[in-house]
Amino acid sequence: MDSNISLAYLLLGLFMVKLTGLLTRRVGVGELAGYALGGLVVGLFLKDSITPEFLGILASLSSMFVVFYAGLTSSYREVSSSALETLEISACSMGVSFLVFYVYLTQILHVPSTLSVLVSLLMSNTATEVSSLLTSRLPSRLKSLLVSASFFDDVAILVLTSILYVVYSGGNPTGPIITSIFSMVLVVLILRSKAFKSLMEKFFQNISVDDYLFVTASLIALYAVTTLLTYFTSSGLIIGAYLAGLLLSMGVGIRDPLLRFVPRYLELKNTISDVLDGVFAPLFFLFVGVLFDMKSVDVFLAIILITLASLSKISIYAMYSLRKGYDIKTSLIAGFSMNGRGVLEVTLLTIGRTVGVLPPVFFNTLLLASYMTIVLSIIGSSILLRVVK
């Protein structure tokens with residue numbers, strides 16, 4: 001198909017998804033619900049006009065900026081001071097979800113253990129880009145803890161799933177292992193090393209001289225980290241983007257007597273937020289709609305997966321928030337916000353289909369289940385925010 005025609009269909013899709021978001025916002029549900037539902041419907045109509053490969057590169061770029069924004073808006077001080085607690089709740093959430101899925105798949109549906117492990121891992125995650133979008137109205141400390149927990153989820157899922165794919169396809173898992181080691185080292189440096197923090201303080205002061213230098217240096221940091229990690233494995237894009245954002249968020253706490261860093265940091269954050277809402281979020285949901293094939297879905301299995309995924313994540317994070325002293329409404333919003341699977345799952349599912357590890361029925365069923373957890377998260381949190389007093 002001619003590239004101009006493909007671009008025209010892509011712009012038409014973005015227009016329709018954005019329009020749907022505007023309509024749902026007018027009725028009080030929120031624009032993200034419109035993006036999700038509109039992306040599915042418009043994607044089904046345009047799937048023969050826009051190839052997944054054409055849209056996939058743009059969607060990957062979108063996911064990079066979504067996750068970069070998540071790291072950028074995370075409170076470095078709160079993340080670093082609560083890293084152990086965040087890791088514990090992430091491990092607990094993933095462990096419980098994995099166990100529930102694995103037992104059901106192997107003992108009740110009698111799915112082969114290798115496929116059950118893979119499906120259980122993919123459905124045990126909370127997507128950082130989804131949680132960062134939905135937790136924006138929660139208290140700052142709770143938001144940072146939840147987004148950080150979803151980041152640890154992403155790191156674990158990326159590493160484990162990437163290694164499984166390589167092993168199942170008979171390849172060498174060196175790339176994913178190198179990425180995981182580098183990521184862990186960088187996380188430790190960011191969160192714990194005083195020498196690294198001192199070095200970054202000088203860097204932040206130097207790049208804050210003018211607006212152009214600040215934006216350019218910030219984007220160079222993003223591209224450098226993501227390029228390095230993506231070189232070893234394609235799934236390193238998500239990890240690198242979040243780490244780059246978290247790295248820049250360190251600058252909020254530096255000594256800044258001339259008040260240069262914070263105003264430029266806030267301006268960059270607001271600019272990226274506008275671009276996310278205008279382009280990247282609708283593009284992501286359109287990508288999911290184009291990939292989806294309803295004819296290959298096992299509806300019963302999809303309902304079971306959606307139910308198990310939602311109950312495990314919502315209950316765990318709602319109870320965690322209650323235990324931290326937040327009220328029932330805030331805790332339920334936190335639970336719904338941590339229920340969504342996102343572009344990472346779509347990416348990993350696509351890789352699984354490409355290497356032949358995931359059969360078409362499981363690919364499309366998992367895609368639908370992941371997508372519906374996003375829709376349920378958006379609708380549930382929106383209703384709680386607007387209706388429940």
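Look above for the structure.
What counts, and at which threshold
- Residues numbered from 1 in each chain as written.
- Predicted model: local features only at pLDDT ≥ 70, side-chain atom pairs only at ≥ 80, totals over all residues.
- Heavy atoms only, no water.
- Core = buried A, V, L, I, M, F, W, Y, C linked by side-chain atoms within 4.5 Å.
- Buried < 20%, exposed > 50% of the residue type's maximum accessible area, 1.4 Å probe, protein only.
- Helix = DSSP H or I, 4+ residues; strand = E, 2+ residues; numbered from the N terminus.
- Contact = heavy atoms within 4.5 Å.
- Expected span 1.5 Å × (residues − 1).
- Axes fitted to C-alpha atoms, helices over the stretch in contact; angles between N-to-C directions.
- Parallel < 35°, antiparallel > 145°, perpendicular 65-115°, else oblique.
- Left-handed = near helix turned anticlockwise from the far one by under 90°.
- Nonpolar A, V, L, I, M, F, W, Y, C, P; charged D, E, K, R; others polar.
- Phe/Tyr/Trp six-rings, centres within 6.5 Å; stacked < 30°, edge-to-face > 60°.
- Salt bridge = Lys/Arg side-chain N within 4 Å of Asp/Glu carboxyl O.

## Observations concerning the nonpolar core
Judged by nonpolar contacts, the single largest core of 97 residues is most densely connected at Phe68, Leu122, Phe285, Leu358, Leu366 and Leu367. With 15 residues, helix 13 (residues 261–291) is the single largest residue contributor to this core. Excluding residues that lie within four positions of it along the chain, Leu122 makes contacts with Thr161, Tyr165, Arg341, Glu345, Leu348, Leu349, Leu358 and Leu366. The next biggest cluster of nonpolar side chains, apart from the first, holds 13 residues, and it includes Ala149, Ile316, Tyr317 and Ile333.

## Structural notes on helix 8 (residues 140–168)
Compared with the 42 Å implied by 1.5 Å per residue over 29 residues, the 41 Å span of helix 8 between its first and last C-alpha is a close match. Positioned one or two residues after helix 8, Gly170 has a phi angle of 80°, which is positive.

## Overview of the packing of helix 5 (residues 83–108) against helix 8
Where helix 5 meets helix 8, the axes come as close as 8 Å, and the angle between the chain directions of the two elements is 55°. Accordingly, the angle class assigned to the pair helix 5 and helix 8 is oblique. As helix 5 packs across helix 8, the resulting crossing turns out to be right-handed. Taken together, the residues of helix 8 that come into contact with helix 5 (itself represented by Ala83, Glu85, Thr86, Leu87, Ile89, Ser90 and Met94) are Arg141, Leu145, Ser148, Ala149, Phe152, Asp153, Ala156 and Ile157. Residues of the contact of helix 5 with helix 8, tallied by class, amount to nine nonpolar, three polar and three charged.

## Some words on the packing of aromatic side chains
Inspection of the entire model under this criterion finds six aromatic pairs. Here the aromatic rings of Phe65 and Phe280 are separated by 5.2 Å at their centres, their planes lie at 10°, and the arrangement is stacked. Taken together, the residues Phe65 in helix 3 (residues 52–72) and Phe280 in helix 13 connect sequence positions 215 residues apart. Relative accessible area serves as the criterion here: at 12%, Phe280 is assigned to the buried category. Between the aromatic rings of Phe203 and Phe204, the centroid separation amounts to 5.7 Å while the plane-to-plane angle is 55°, which identifies the pairing as tilted.

## Structural notes on the pattern of salt bridges
Note that side chains of opposite charge can pair when their charged atoms are close. By the definition in use, this model includes four salt bridges. The closest approach of N and O atoms between Lys18 and Asp277, which form a salt bridge, is 2.9 Å. In this pair, Lys18 sits in helix 1 (residues 3–26) while Asp277 sits in helix 13, placing the two residues 259 residues apart along the sequence. Judged by relative accessible area, which is 29%, Lys18 ranks as partly exposed.

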